Amino acid sequence: MKQFTPTTIENQERTVYFYLYKFFETAEYRKCFLDGMLYCNTAKYLRECEQKYDGVRDDFENAEIISIADDNHLVQHRLATLPDGNVGVYFDEYKDKPKNYKNNQIFVSFNTDNLNLFCMSAIYLNSKSEIIGFDKDNKNNFGEYGVFIHNVPSFMKLIDDSCKYNPTICNVKRGFVQYIDYEKRSSVQNWDILKKFSFYKAQQEFRFVFENNEDNILQYKLSQPLDNLVKIIDNKSEFFSNSIGSRIKFTASDIK
C-alpha cells in the first residue's frame, strides 16, 4: 500500500501534519466531486436541516455571539433602547447568582448568511508520519462513499485558482475548526464560522468557506477533475481501522 506525504501547515505554535478525507451520501455525489464540482451548502441550511447522519446539523452555525445562562455561566440578557433609538441587547454578568436569576436564557446573534461551506475531515500526523489524531467516532457521520486527498496543497491551490470560474464568489478562506468545550465556554462567547462546540470534535473538521453574492447552494466548479490528487476509499471499515501510532494504510483506488 502506497505511503503518501502529509501536508504541513506552519503556525505560531507548531507544525501541523495532516491529510484530508470526506464521505458522501451517494456514489453519484462522490463522482460529481471527482469530476471537479463542489456542492457547498449554505450556513443557514446546516443550521436548520433535518439530519440524516450524525453531526450534520449545528444550531449555532455561523453565529457571532452565543450567550446561554445556567448555574455555571451567570449572565442575564435585557433589551434596552440605544442613544440612536434602536433596541439593543445588554449582557449582565455576575460572580454570584442574583435574586430572581433566570436559568436557560439563551441569546444567539447570527452573521449574514451569505456563506457556503465545503466540509472535510483531517487526519493528524507527527513528523514521522505516524497518526496522532484520528477519531473513530467519525465513522458514524455522513455517508459510505469516501475520498482521500493525498495531495492537499495542490487541492487547495486548485480551489483558489478556480475562483475565476465562479463569478458569484467574492472571497474564499479555509481553516481547521476550533472546538470549544461547552462547559468551559464564556458567558458571552464570541463565535465565527470556524468554531463549533466540542460535541462535534470527532469530525476533526477542515472547512473551505466561500463568501457568495447569492444566498443558495453553491456549485463550485473546479478548472479540472481531481484525477491526480485523490484516491477513492474502497472500504470504509478498513479505513477507520487505522490506529493512533501507526502509519496510515488502507485500500484505495485511482479515479476511474
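Refer to the structure printed above.
Position numbers for residues start from 1 in each chain and track the written sequence from start to end. For this predicted model, a pLDDT threshold of at least 70 governs which residues receive local features, and a threshold of 80 or more governs which side-chain atom pairs are given and counted, while totals over whole chains, interfaces and linings are taken from all residues. The basis for the side-chain values is all heavy atoms of the structure; hydrogens and waters are excluded.

1. Quick notes on the overall build of the protein
1) Next: Broken down by element type, the protein carries 4 helices and 18 strands.
2) Next: Projected onto the principal axes, the alpha-carbon positions of the protein cover approximately 65 × 45 × 35 Å.
3) Next: Relative to its 256 residues, the protein shows a buried fraction of 45%.
4) Next: Contacts between residues were defined by any pair of non-hydrogen atoms, one from each residue, lying within 4.5 Å. Expressed as a percentage of contacts within the protein between residues at least 6 apart in sequence, the contacts between residues at least 24 apart total 74%.
5) Next: Looking at the protein as shown, the accessible area adds up to about 13,900 Å², and 45% of this sits on carbon and sulfur atoms.
6) Next: In this tally, Lys and Arg are treated as positive and Asp and Glu as negative; His is ignored, and so are the chain termini. Positions of charges follow a simple convention, taking NZ of Lys, CZ of Arg, CG of Asp or CD of Glu. For the protein, the distance from the average position of its 33 positive side-chain charges to the average position of its 36 negative side-chain charges is 4 Å. Numbering goes from the N terminus for both helices and strands, where a helix is a DSSP run of H or I of at least four residues and a strand is a run of E of at least two. Only protein chains enter the calculation, and the probe is 1.4 Å; a residue is then buried if its accessible area is under 20% of its type maximum, exposed if over 50%, and partly exposed in between. Values of accessible area rely on a 1.4 Å probe in the Shrake-Rupley scheme; residue burial ignores everything except the protein chains shown.

2. A few points about the environment of Ser67
1) Next: Topologically, Ser67 is positioned in strand 4 (residues 63-68).
2) Next: With a relative accessible area of 0%, Ser67 lands in the buried category.
3) Next: In this structure, the C-alpha to C-alpha distance between Ser67 and His77, residues 10 residues apart in sequence, is 8.5 Å.
4) Next: Setting aside anything within four residues of it in sequence, one finds Ser67 in contact with Val75, His77, Phe91, Gln105, Ile106, Phe107, Ser187 and Val188.
5) Next: Separated by 2.8 Å, the side chains of Ser67 and His77 make a polar contact. Contacts described as polar in this section are N or O atom pairs within 3.5 Å, which, within protein, must combine one atom able to donate a hydrogen with one able to accept it, while residues neighboring in sequence count only if both atoms come from side chains.

3. Things to note about the packing of aromatic side chains
1) Next: Stacked, tilted and edge-to-face pairs are distinguished by plane angle, under 30 degrees for stacked and over 60 for edge-to-face with tilted covering the rest, among Phe, Tyr and Trp rings (Trp via its six-membered ring) whose centres lie within 6.5 Å. With the rule as written, the count across this model stands at 30 aromatic pairs.
2) Next: When the ring of Tyr21 is compared with that of Phe239, the centres are 5.0 Å apart and the planes differ by 65°; the resulting orientation is edge-to-face. Of the two residues, Tyr21 sits in strand 2 (residues 15-24) while Phe239 sits in helix 4 (residues 236-239), which places them 218 residues apart along the sequence. Considered together, Tyr21 and Phe239 belong to a single accessibility category, that of buried residues.

4. Details of helix 1 (residues 27-34)
1) Next: Every buried residue belonging to helix 1 is among Arg30, Phe33 and Leu34, and all of these are buried. Down the axis of helix 1, the smallest arc covering the buried residues is 95°, so these residues share one side. Across helix 1 from its buried face, at more than 90 degrees, point the exposed residues Glu28 and Lys31.
2) Next: On the buried face of helix 1, the contacting elements are strand 2, strand 3 (37-42), strand 8 (115-125), strand 10 (145-149), helix 3 (152-161) and strand 17 (230-233). Relevant arc is that of directions from the helix axis to the C-beta atoms, nothing else.

5. Quick word on the environment of Ser253
1) Next: Summarising the element assignment, Ser253 is placed in strand 18 (residues 252-253).
2) Next: Between the C-alpha atoms of Ser253 and Glu183, which are 70 residues apart in sequence, the distance is 43 Å.
3) Next: Residues within four places of Ser253 in sequence aside, it is in contact with Lys231, Ile232 and Asp234.
4) Next: Side-chain polar atoms of Ser253 contact the side chain of Asp234, separated by 2.5 Å.

6. A look at the pattern of salt bridges
1) Next: For salt bridges, the criterion is a side-chain nitrogen of Lys or Arg within 4 Å of an Asp or Glu carboxyl oxygen. As enumerated under the stated definition, the model contains 13 salt bridges in all.
2) Next: Of the charged contacts in the structure, one is a salt bridge between Glu205 and Arg207, with a shortest N-O distance of 2.5 Å. This pair shows no difference in class: Glu205 is buried, exactly as Arg207 is.
3) Next: Overlapping salt bridges bring together Glu61, Lys196, Glu205 and Arg207 as one network.

7. A short note on unusual backbone geometry
1) Next: Phi is positive for Asn62, which is not a glycine, with a value near 65°.
2) Next: Within the secondary structure, Asn62 is located in the loop between helix 2 (43-48) and strand 4.
3) Next: The buried category is assigned to Asn62, whose relative accessible area is 2%.
4) Next: We note that Asn100 has phi near 65°; this positive angle belongs to a residue other than glycine.

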